[in-house]
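This is what each chain is made of:
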Amino acid sequence: MQQTFDVRAVRAEFPALSRLHAGRPVVYFDGPGGSQVARPSIEAMTRYMERGGANLHGVFPTSTETEEILAETRHACAAFLGAEPDEVAFGANMTTLTLAISRALSRNWDGNSEIVVTELDHRANVDPWLIAAEEKGARARWIPVNPETLTLDLSDIEEKITSKTKLVAVGLASNAVGTVNDVAAIAERAREVGAVVAVDAVHAAPHIPIDRDALGADVITCSAYKFFGPHVGVTAIRRELFEAMEVHKLDPAPSHIPDKLETGTQNHEGIAGVKGPWTSSRRSAGRNPAGEVFGGDADSRGA
Ligand SMILES: Cc1ncc(COP(=O)(O)O)c(C=O)c1O
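Every chain is numbered independently, its residues counted from 1 as its sequence is written. Local features in a predicted model are, by the rule used here, given only for residues with pLDDT of at least 70; side-chain atom pairs are given and counted only at 80 or more, and totals for whole chains, interfaces and linings are based on all residues.

Undergrad: Let's hear about the overall build of the chain: which residues, and what values?
TA: Helices and strands together make up the secondary structure of the chain, namely 11 helices and 11 strands. With the C-alpha coordinates of the chain rotated into their principal frame, the extents come out at 65 × 55 × 35 Å. Residue burial is a threshold on neighbouring C-beta atoms within 10 Å of the residue's own C-beta, all placed from the backbone, with 20 or more meaning buried, 12 or fewer meaning exposed, and counts in between meaning partly exposed. Taken across its 303 residues, the chain has 40% of its residues classed as buried. Contact between residues is assigned whenever the C-beta positions, reconstructed from backbone atoms, fall within 7 Å. When contacts within the chain are restricted to residue pairs at least 6 apart in sequence, long-range pairs at least 24 apart make up 67% of them. In this description a helix means any DSSP run of H or I spanning at least four residues, a strand means any run of E spanning at least two, and both kinds are numbered starting from the N terminus.

Take a look at the structure:
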């Protein structure tokens, strides 16, 4: 049998796989609970905290390092989702991000508005939108599931998504049955009527490459704990929409993208873990011959 990669070496990168229970190796069957965390991710989180965390916008090393880490992870997530770095925002998880985004996007909905959700979606990409619609007196319409094929029934999509539609929320892949939805077709119809498309990529992200633009998503959200990382939610929001969005935030918080969605202090160590090894601009600029800014004593040496 042809071996495509060294399974033992890959398993060794996941410390939780060497756990014993009652003297026996464990097997993790709780898929919805997420994937196990890869060693580089764990090390990045540990290293961040061992080096001393800080808040943003300081002029001292722990603060500038924190900013660099967040910037690096933002770049990595942008590449992962097919978006631009300043379109990427972090949050507690997909559900919490979606709640915040739904509150912002629904500000201009009214009794004439409609939203479209699907029967195949996780509640996290349904309930926040339903709550927002109810508050605004907007009507919620549903794309049903064909119970035979476990696919979305798109036969009357033109009647469902109309000039009244403000938002269409659809999952890229179903966590319940694995169906990969034809998001591009749904988004094309949404675009014709000027509706925003919010894509839940939580289940898809560990399995299939994601190209936000090819999908036609305006908002696309995933969760790093599903792809070998920590509990951090990641969203990418199309620039024009993101800039126009009036998010609920405290007054002193920045009004620019993407910071305006990141209310309060972020989970810096978690965000470090989403990316894994930290490379840093200083390192790539060659200012640290040891090649180790973060794990070593670079700042005390004046690097
Ligand atoms: C398809 C899908 N969407 C959304 C969620 C919710 O994600 P989070 O736990 O990050 O809020 C899950 C979680 O299992 C999921 O499987």
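Undergrad: Describe in detail the confidence of the model for the chain, supporting the description with residues and values.
TA: The predictor attaches a confidence to each residue, and that confidence, scored 0 to 100, is pLDDT. Looking at the chain, pLDDT values average 92 and 91% of them are 70 or higher. Within the chain, helix α11 (residues 281–284) has the poorest average pLDDT of any element, 43, and strand β9 (residues 196–200) the best, 99. This model gives residues 282–303 a pLDDT under 50, and the stretch forms 25 contacts once residues within four places in sequence are excluded.

Undergrad: Report on the packing of helix α2 (residues 39–50) against helix α10 (residues 268–275), specifying residues and quantitative values.
TA: Geometrically, a packed helix pair is captured by the angle between its two axes and the distance between the axes. What counts as an axis is a line fitted to C-alpha atoms, over the stretch in contact for a helix, and the angles between N-to-C directions run from 0 to 180 degrees. The N-to-C vectors of α2 and α10 enclose an angle of 145°; their axes lie 7 Å apart at closest approach. By crossing handedness, the relation of α2 to α10 is classed as right-handed. Between α2, through S41, I42, A44, M45, Y48 and M49, and α10, the contact on the second element is made entirely by H268, E269, G270, A272, G273 and K275. Residues are sorted three ways: Asp, Glu, Lys and Arg are charged, Ala, Val, Leu, Ile, Met, Phe, Trp, Tyr, Cys and Pro are nonpolar, and all the rest, Gly among them, are polar. Of the residues belonging to the contact of α2 with α10, the class tally is 6 nonpolar, 4 polar and 2 charged. Handedness of a crossing is defined here by the sense of rotation of the near helix relative to the far one, left-handed for an anticlockwise turn of less than a right angle and right-handed for a clockwise turn.

Undergrad: Kindly report on the nonpolar core, identifying the contributing residues and their values.
TA: Grouped together as the largest cluster of nonpolar side chains are 74 residues, with contacts concentrated most on L167, V168, V197, V199 and A201. Those residues within four positions of L167 in sequence are excluded, and the remaining contacts are L105, I115, W129, A195, V196 and A198. Each nonpolar core consists of buried Ala, Val, Leu, Ile, Met, Phe, Trp, Tyr and Cys residues. Their C-beta atoms, within 7 Å, join them into a set.

Undergrad: A description of the packing of helix α4 (residues 94–105) against helix α5 (residues 127–136) should follow, citing residues and the corresponding values.
TA: Two elements in contact, α4 and α5, have axes whose closest approach is 9 Å; the angle formed by their N-to-C orientations is 25°. It follows that α4 is roughly parallel to α5 by the angle criterion. In this structure, the crossing between α4 and α5 has a hand that is right-handed. Contact residues: T98, L99, S102 and R103 in α4; P128, W129 and A132 in α5. Between 65 and 115 degrees an angle is taken as roughly perpendicular, under 35 as roughly parallel, over 145 as roughly antiparallel, and anywhere else as oblique.

Undergrad: Tell me about the sheet that holds strand β10 (residues 219–223), and please be specific about residues and values.
TA: The strands making up a sheet associate through hydrogen bonds between their backbones, and the pairing can be parallel or antiparallel. Strands are treated as partners if at least two bridges between them are detected by DSSP. Reading across from one edge, β3-β11-β10-β9-β8-β4-β5 is the order of the 7 strands in this open sheet, with mixed pairing throughout. Both outer strands of the open sheet, β3 (88–91) and β5 (139–143), are each paired with one neighbouring strand and no more. Recorded for the sheet is a direction-independent mean angle of 20° between the axes of neighbouring strands. Relative to strand β11 (residues 233–237), β10 is paired through 5 bridges, and the arrangement is antiparallel. By the bridge assignment for β11, S223 is matched with G233. On top of the sheet, α4 reaches β3, β8 (165–171), β9, β10 and β11; it is set at about 160° to β10, its chief contact.

Undergrad: Summarise the environment of A79; cite the residues concerned and give the values.
TA: With respect to the secondary-structure elements, A79 resides in helix α3 (residues 61–81). Note on A79: 12 C-beta atoms within 10 Å, which makes it exposed. With 19 residues separating them along the chain, A79 and T98 place their C-alpha atoms 21 Å apart.

Undergrad: Could you give an account of the site of the ligand, naming the residues involved and the relevant values?
TA: Any residue whose backbone-placed C-beta atom lies within 6 Å of a molecule or strand is treated as near that molecule or strand. Residues in close proximity to the ligand total 14 residues, the closest being N93, T95, H122, N175 and S223. A breakdown of the residues in the shell around the ligand according to their chemical character gives 4 nonpolar, 9 polar and 1 charged.

Undergrad: Account for the pairing of strand β4 (residues 114–118), with residues named and values stated.
TA: When you tally the buried positions in β4, you get 5 out of 5 residues, the bulk of the element. Neither face of β4 is open: one carries E114, V116 and T118, the other I115 and V117, and all of them are buried. Both β4 and β5 contribute to a ladder of 5 bridges, which runs parallel. Bridge pairing links T118 to I143 in β5. Handedness of a crossover: with both strands directed away from the viewer, a clockwise path from the first strand across the helix to the second marks it as right-handed. A crossover links β4 with its parallel partner β5, the connecting element being α5, and its sense is right-handed. Where β4 lies against β8, 3 bridges are found, and the strand directions are parallel. From the neighbouring strand, V116 faces β8, where its bridge partner is V168.

Undergrad: An account of α3 is requested, with residue identities and associated values reported.
TA: Expected helix span is computed as 1.5 Å times (number of residues minus one). Here α3 spans 30 Å end to end across 21 residues, near enough to the 30 Å set by a 1.5 Å rise per residue. Those residues of α3 that are buried lie in contact with α2, β3, α8 (212–215), β10, β11 and α10. After α3 finishes, the residue G82 shows a positive phi value of roughly 75°.

Undergrad: So what's going on with the environment of T62? Residues and values would help.
TA: Within the secondary structure, T62 is located in helix α3. According to the C-beta neighbour criterion, T62 is partly exposed, with 15 such atoms within 10 Å. Measuring from C-alpha to C-alpha, the distance between T62 and Y48 comes to 9.1 Å, with 14 residues separating the pair along the chain. In contact with T62, other than residues within four places in its own chain, are R51, G52, G53 and A54.

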